[in-house]
Amino acid sequence: MNPSNQDWLERSRHAVWHPCTQMKRHETLPIVPIARGEGAWLVDFEGRRYLDGVSSWWVNLFGHANPRINAALLDQMNTLEHVILAGFTQRPVVELSEKLGALTGLGHAFYGSDGASATEIALKMSYHYWRNLGRERKTGFVSLENSYHGETLGALSVTDVPLFSATYAPLLRQTQRVKSPDWRLAEPGESAEAYALRAAAELEALFEARADELAALIVEPLCQGAAGMAMYHPAYLRRARELCDRYQVHLIADEIAMGFGRTGTLFACEQAGGLREGWKPDFICLSKGITGGYLPLSAVLTTDAVYAAFYDDEVGRGFLHSHSYTGNALACRAALEVLAIFEDDGVLAANRAKAAAVAADFARLAAHPRVEHARQLGMIWAFEVKDAQPGFSGRVFEAALARGLLVRPVSNTVYLMPPYVVSIGELQQAFDVLHRLLDEGLA
Ligand SMILES: *Cc1c(COP(=O)(O)O)cnc(C)c1O
C-alpha cells in the first residue's frame, strides 16, 4: 500500500526542519505532501490537485515535469553531471555564459548556487573592486526600505524585513536604507513617477553626504517581491543610474525574482531603457527562474571595467570566492533549455497575450469593495485586502488550498505569480477562487 498524505506529513514533521517556518505551527496547520507535478499543477498522494499560484516560490517558469527540460537534463546526465570549475570548463557553462552576456549586455558570468549566494558575490565584488582601486573607505551598502536580497549574513544585511533580520542584528553589517519608490506609498494625487523621483531625492541626499564610504546600491528592479509585490516606476532606476554614475557608487540589480520574463520583459531592467544599449547596472544577479525551477543555480554578471580591476599578476587582486557546485553542468544545461524555450515558443509575447485576455477578469476582482491597490506587471497579479485581520495570510492559504489553489499571501497582500504555462482558463479559475473568498468574508 502506498503511504498516504498523513504518513508523509508526519514523517516530514519529525525529520525535516522546514524553511521560514515556526515548526510548532505544524501541530495544527498541516504540511502538504506533494507526490508529483504536471504543468502548472501539483498533485498530492491522494490525487488532489493544486494550481501552483506561487510558481513553487517564484522559481518555476514552464511547468513541473517539463518534457523539454527533462530531456535536456537526461542527455546532460549521461554526458557530464559536474566538474570542478576552477581550472576546468565544460560546454553548458560556456554556452550559458555567452548567452547571458549577449542578453544582458554585461559579461564575465560568475556562478553561485542560490539567490543569496549571488547577492554575496555582488557585494563582495563591489567592495573588492573599490579596494583594488585604492578606495578602501568605500565599504558601505545601500538598499531600499522593505528590500529582500536573501538570508545569509551579507544578504540579510541589505534585507529590510525585520521578521527575518531583527533577531540577527548583532551579526549584521550596518547598512544604509533609503525610501522605497513603491507607488502604494505615494500621496493622494501624486503619480507613481513623481513619487519615484521624490524617493530618489533621498538617495541623492545620502550620496551627497556619504558616497565616499559607499560601495554599492542594491535594488530589486521594478518590483520588490517579498515586500508584497511592491511595484514602482522605472524613473527610479533611471535616476538611480545617473546618481550612481555621478557619485561613483555601483548599482547592483537583483533580478533574482524578477528576471526571466516575470515582469513582461526578459529582464526587469530593460524597462528602464534597454539593457543592451544605454541603461545598465554594474552587476546583475540572476537565480530562481534561471533553471525553470529545476535546480539551484545563480549567476552574477558585471562590466568589463569591474573585471579589469581584478585582472592582475597578483593572486590576491583576483576574486577568490567559490562554491563547490559553482557552474554545475546539469543546472547550466537546464538554464540553456529555458532560454531556448523562451526563443522557440515566443514566451514573452504569449504571456502578454495571456495577461491581456484576463484583464477584464482581474478588473472585476480589483473592483471588489474589499480590494485596494490592485496591480499587474507581466505575470504578477497582486492586491491588498483592506479589512484583513492578523493571521489573514494563513487563513487564505488554507481556504484557497481547499479549493485547489496554492497562494501564500504576504500579510494582507494577495498575489498570483503562476508558471507561464498556466492557461487563460486556469487564471480565471484562480481569480474566481479569490473572489469567492472575499465574498465569503474571509479576513
Ligand atoms: C528569493 C530572492 C533572493 C534569495 O534567493 P534564494 O535562492 O532564496 O537564496 C534574493 N533576492 C530576491 C529579490 C529574491 O526574491
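Asker: Describe unusual backbone geometry, and please don't skip the residues or the numbers.
Answerer: Positive phi is not limited to glycine here, since W57 has a value of about 65°. If you trace the backbone, W57 turns up in helix α2 (residues 55-58). For W57, a relative accessible area of 41% translates into the label partly exposed. Unusually for a residue other than glycine, S411 sits at a positive phi of about 45°. Mapped onto the secondary structure, S411 falls in the loop between β15 (405-406) and β16 (413-416).

Asker: Give a detailed account of the packing of helix α8 (residues 192-210) against helix α9 (residues 235-247), specifying residues and quantitative values.
Answerer: Closest axis-to-axis distance for the α8/α9 pair is 9 Å, and the angle between their directions is 15°. Taken together, the axis directions place α8 and α9 in an arrangement best described as roughly parallel. Classified by chirality, the crossing of α9 by α8 is right-handed. Two secondary-structure elements touch here, α8 through E193, A196, L197, A199, A200, L203, E204, F207 and E208 and α9 through A235, Y236, R239, A240, L243, C244, R246 and Y247. Across the contact of α8 with α9, the residue classes tally to 12 nonpolar, no polar and 5 charged.

Asker: Can you break down the side chain of S143 residue by residue, with the values?
Answerer: Here S143 lies in strand β5 (residues 140-144). A polar contact of 3.5 Å, which involves the side chain of S143, links it to the side chain of S147. Of note is the side chain of S143, whose polar atom sits 3.1 Å from the backbone oxygen of V158. Once residues lying within four places of it in the same chain are set aside, the contact partners of S143 are H149, V158, Q176, R177, V178 and I218.

Asker: Account for the site of the ligand, naming residues and giving values.
Answerer: Taken together, the residues surrounding the ligand are W58, D114, G115, A116, Y148, H149, G150, E220, D254, I256, A257 and K288. At 2.8 Å from an oxygen atom of the ligand is found a main-chain nitrogen or oxygen belonging to G115. Burial of the ligand by the protein amounts to 83% of the accessible area it has alone, namely 380 Å². Among the residues forming the shell around the ligand, the class breakdown is 5 nonpolar, 3 polar and 4 charged.

Asker: With reference to specific residues and values, describe the environment of S4.
Answerer: Take S4: it is sitting in the segment before α1 (5-15). Not counting residues up to four positions away in its chain, the partners in contact with S4 are F45 and E46.

Asker: I'd like a description of the sheet that holds β5, backed by residues and values.
Answerer: Taken together, 7 strands build an open sheet; the order of strands is β4-β12-β11-β10-β7-β5-β6 and the sheet is mixed. The outermost strands of the open sheet, each flanked by one partner alone, are β4 (107-112) and β6 (176-178). Each strand axis lies, on average, 20° off the axis of its neighbour in the sheet, ignoring direction. As paired strands, strand β7 (residues 214-219) and strand β10 (residues 250-254) are joined by 4 bridges and run parallel to one another. By the bridge assignment, A216 is partnered in β10 with H250. Along the sheet, helix α4 (residues 91-104) makes contact with β4, β11 (283-286) and β12 (298-302), crossing β4 at roughly 125°. Docked against the sheet, α8 engages β5, β6 and β7, running at close to 150° with respect to β6.

Asker: How would you explain the packing of α4 against helix α11 (residues 329-344) if you had to name every residue and give the values?
Answerer: Two elements in contact, α4 and α11, have axes whose closest approach is 8 Å; the angle formed by their N-to-C orientations is 45°. Regarding the angle of α4 to α11, the classification is oblique. For the element pair α4 and α11, the recorded crossing hand is left-handed. Across the interface between the two elements, P92, V93, E95, L96, K99, L100 and L103 from α4 touch A329, C332, R333, A335, L336, L339 and E343 from α11. Class assignment of the residues belonging to the contact of α4 with α11 gives a composition of 10 nonpolar, no polar and 4 charged.

Asker: Any details on the sheet that holds β16? Residues and values, ideally.
Answerer: Reading across the sheet, the 3 strands line up as β13-β14-β16 and stay open at both edges, with antiparallel pairing between neighbours. In this open sheet, the two strands that pair with only one neighbour each are β13 (371-377) and β16. For this sheet, the mean inter-axis angle between neighbouring strands, taken without regard to orientation, is 15°. Here β13 runs beside strand β14 (residues 380-385); their pairing, made up of 5 bridges, is antiparallel. Following the sheet pairing, Q376 is matched in β14 by W381.

The rules behind these values
- Residues numbered from 1 in each chain as written.
- Predicted model: local features only at pLDDT ≥ 70, side-chain atom pairs only at ≥ 80, totals over all residues.
- Heavy atoms only, no water.
- Helix = DSSP H or I, 4+ residues; strand = E, 2+ residues; numbered from the N terminus.
- Buried < 20%, exposed > 50% of the residue type's maximum accessible area, 1.4 Å probe, protein only.
- Axes fitted to C-alpha atoms, helices over the stretch in contact; angles between N-to-C directions.
- Parallel < 35°, antiparallel > 145°, perpendicular 65-115°, else oblique.
- Left-handed = near helix turned anticlockwise from the far one by under 90°.
- Contact = heavy atoms within 4.5 Å.
- Nonpolar A, V, L, I, M, F, W, Y, C, P; charged D, E, K, R; others polar.
- Polar contact = N/O pair within 3.5 Å; in protein donor to acceptor, adjacent residues only side chain to side chain.
- Near = heavy atom within 4 Å.
- Areas by Shrake-Rupley, 256 points an atom, 1.4 Å probe, with all protein chains shown as cover.
- Pairing = 2+ DSSP bridges.

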